[in-house]
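# Commentary on secondary and tertiary structure
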Amino acid sequence: MKKLLVMVLVFSLFVTMGIFANGKQESTKPAEAQTVEVLHWWTSGGEAKALNVLKNMLEKQGVKWIDAPVAGGGGGQAMTVLRARVTAGDPPAAVQMLGYDITDWAKMGVLANLNDVALKGNWDAVIPTAIKKFSKYNGVWIAAPVNVHSTNWVWANKKIMDDLGIAVPKTWDEYIAALDKVKASGKIALAAGGQPWQTATIFDGVVLSTGGPEFYKKAFIELDPKALGSDTMLKAFKRMEKLRTYVDDNFSGRDWNLATAMVIEGQAAFQMMGDWAKGEFFNAGKVAGKDFIAFRTPGTQGSVTFNSDQFVMFKVNKDKRAAQKLLAQDILSPKFQIAFNLVKGSVPARTDVSDAKFTIIGKKAMKDLAEANKNGTLLGSMAHGHAAPAAVKNAVYDVVSGNFNGQYDAKQAVKELVKAVAASKD
Ligand code: BGC
């Protein structure tokens, strides 16, 4: 009897520890061999809906999706979890990733080679150079780009604008006048969340508007100390301080999608955010052009600060590779690029996809992207890892949020920025 009890206890311990259900055990059973674990930070309503497009597509092809979500826009927390997983020798098959993070992982030699899938799908011919720069490392395809987002957008509640007689602002001064009008009406003028990546997202547009594309390039892509320490940068920080006066006092720690909800519900007029915000409007049943509008951050028309979500494939055991390749192949299919991006708020990562199904804002985003690409004004987003590697990005986050939270004034912020960027380059 005692022996039986011990056996039962040991068995249930094994079950709890997952010993009968772990990956290695499953791989010996063909029916369960097709799984793909995906680490990502798409946890808001709109994001989850978009991710489901991919999940459903794979599940229809017999691949079981193992979801590994890590909340937090910009992916900072997701990258922390990823480092721990790789250190433990247990990387997920696929990971959502941005720009220079991809290159950093590629350098470590831990990513899978997707060249056969890319060749078959003719990726080289249809993916824009600015994105390919991150999808390939030393001639090897290591990531499948899902989309192109951009950060220099303002999202607006149409009814508030109409009620207050506000036209789409074209210049910074017109924008400030619009914000003043909303503030005077008693509504919140600017919905924002006090998380460093969100403040940095606003800063992308403010720096571009204040200094223009050449200045943005010098400061954020070339990391030129003169540009970083310039009067133009001082002006950009002063503009950030001005913007802070339009944000409500409860902004600290607020998630970006809750700030979008404030615009959706008519508590606030504007949000300065990447076009993933559009996915939240859609998810709430709102119609582009009727319930909400979007315009480029005033003063940045003609330029695009972009970021592209890519699924990076890690080296995994042989039994997981077929599903991984299928995922990569599906991601670049024109059918998926349209279906997914319609929900996500981004635009396709292929240049040969029709804009017919996209709304007025999506069509504009596709046109802006193509024009900026042609004119040399397609610029990597600093806030979302496409201007400089993570060490520099994080240094910028610290200074920008220090300034927005009142820790440093604009003058001090400029000095801190020069110092922090120099230190992070070492
Ligand atoms: C990603 C978007 C995502 C946003 C908020 C950005 O870094 O590129 O896909 O929707 O973060 O989570």
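Conventions adopted
Residues numbered from 1 in each chain as written. Predicted model: local features only at pLDDT ≥ 70, side-chain atom pairs only at ≥ 80, totals over all residues. Heavy atoms only, no water. Helix = DSSP H or I, 4+ residues; strand = E, 2+ residues; numbered from the N terminus. Expected span 1.5 Å × (residues − 1). Buried < 20%, exposed > 50% of the residue type's maximum accessible area, 1.4 Å probe, protein only. Arc of directions from axis to C-beta. Contact = heavy atoms within 4.5 Å. 1 Å grid on protein atoms, 1.4 Å probe; cavity = no way out; pocket = protein on both sides within 12 Å on 5 of 7 lines; lining within 4 Å. Points joined across faces, edges and corners; volume = space filled by probe spheres on them. Domains from an automatic or database assignment. Near = heavy atom within 4 Å. Polar contact = N/O pair within 3.5 Å; in protein donor to acceptor, adjacent residues only side chain to side chain. Areas by Shrake-Rupley, 256 points an atom, 1.4 Å probe, with all protein chains shown as cover. Sits in = over half its atoms within 2 Å of the grid points. Nonpolar A, V, L, I, M, F, W, Y, C, P; charged D, E, K, R; others polar.

For helix α18 (residues 360-375), which comprises 16 residues, the first-to-last C-alpha distance of 22 Å matches the rise-based estimate of 22 Å (1.5 Å per residue) to within 8%. Buried within α18 are the following residues: I361, G362, A365, M366, D368, L369 and A372. Down the axis of α18, the smallest arc covering the buried residues is 165°, so these residues share one side. When the buried face of α18 is taken as reference, the exposed residues oriented beyond 90 degrees from it are I360, K367, K374 and N375. Looking at the buried side of α18, the elements it contacts are β8 (153-157), α15 (276-283), β11 (292-296), β12 (304-307) and β14 (378-380). Looking at the residues trailing α18, positive phi occurs at G376, about 75°.

Taken as a whole, the second largest pocket spans an internal volume of roughly 390 Å³. G75, G76, M79, K393 and N394 are the residues nearest the centre of the second largest pocket, which is lined by 20 residues in total. The set of elements that each furnish at least two residues to the lining of the second largest pocket consists of α4 (76-87), α5 (99-107), α11 (196-221) and α19 (390-404). Ranked by residue count, the leading element in the lining of the second largest pocket is α4, at five residues. When residues of the lining of the second largest pocket are sorted by domain, at least three fall in each of domain 1 (34-148 + 308-364) and domain 2 (150-306 + 374-424).

Once that is clear, we can look at the site of the ligand. Not every one of the 14 residues close to the ligand is listed here, only the nearest: E47, N307, D309, K344 and H384. A distance of 3.1 Å is found between an oxygen atom of the ligand and a side-chain nitrogen or oxygen belonging to W41. Contacts to the ligand include K344, whose side-chain N or O atom sits 2.8 Å from an oxygen atom. Burial of the ligand by the surrounding chains reaches 100%, relative to a free accessible area of 310 Å². Spatially, the ligand is embedded in the largest cavity. Looking at the shell around the ligand residue by residue, the classes come out as five nonpolar, six polar and three charged. Here the shell around the ligand gathers at least three residues from each of two domains, domain 1 (34-148 + 308-364) and domain 2 (150-306 + 374-424).

Such coordinate-based values are descriptive only and should not be taken to indicate function.
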